[in-house]
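Breakdown of the fold
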Amino acid sequence: MTLKVYLSGEIHTDWRDQIMNGAASLGIEFDAPVTDHAASDDCGVAILGAEDDKFWHDRKGAQMNAIRTRRGIETADVVVVRFGDKYKQWNAAFDAGMAAALGKSLIILQPEEHDHALKEVDAAALAVARTPEQVVQILTYVINGTLPA
């Protein structure tokens, strides 16, 4: 079994690398949003021209990033959405909702203190993991049918 996995959400830690490295032997095709924060924020104005109003600056970038995000979620077999310790990650919640609406297998990765705030998101997921290692173990089980040693 080969899977395409889209890694969405928080961009301030190395959780994606931990999952990709841990699952390197599984033959998974990974995809993700642009995680260079400055590039992600400024892509619209860098390509389409400057904006005086920050709202339009951000909107241009968001729309360009949505092209990549939509494609990644639509073509994925599994979507992993990480909610980190910092920041209000509305975009991650949006991505989780989009994945759920498309019937994608959804894994949420979050700290325990987010359980109450994310209860509806968690209810739509097929698994709620606490660590990148648990995500790797889920993917290993799904592909190979084996449990952690």
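The rules behind each value
Residues numbered from 1 in each chain as written. Predicted model: local features only at pLDDT ≥ 70, side-chain atom pairs only at ≥ 80, totals over all residues. Heavy atoms only, no water. Helix = DSSP H or I, 4+ residues; strand = E, 2+ residues; numbered from the N terminus. Buried < 20%, exposed > 50% of the residue type's maximum accessible area, 1.4 Å probe, protein only. Contact = heavy atoms within 4.5 Å. 1 Å grid on protein atoms, 1.4 Å probe; cavity = no way out; pocket = protein on both sides within 12 Å on 5 of 7 lines; lining within 4 Å. Points joined across faces, edges and corners; volume = space filled by probe spheres on them. Nonpolar A, V, L, I, M, F, W, Y, C, P; charged D, E, K, R; others polar.

Before going further, it helps to spend a moment on the environment of Ala76. Here Ala76 lies in the loop between α3 (54–75) and β3 (78–82). Classification of Ala76 by relative accessible area gives buried; the value is 4%. For the pair formed by Ala76 and Val5, sequence separation is 71 residues and the distance between their alpha carbons is 5.4 Å. Here Ala76 is in contact with Lys4, Tyr6 and Lys104, once residues within four sequence places are set aside.

With that settled, consider empty space enclosed by the protein. Under the defined criterion, the tally for this structure stands at one cavity of 30 Å³ or more. Considering only enclosed or pocket space, the largest cavity measures out at about 50 Å³ in volume. When residues of the lining of the largest cavity are traced back to their parent elements, those giving at least two are β1 (4–9), β2 (29–31) and α3. Residues belonging to the lining of the largest cavity are distributed by class as follows: four nonpolar, two polar and three charged.

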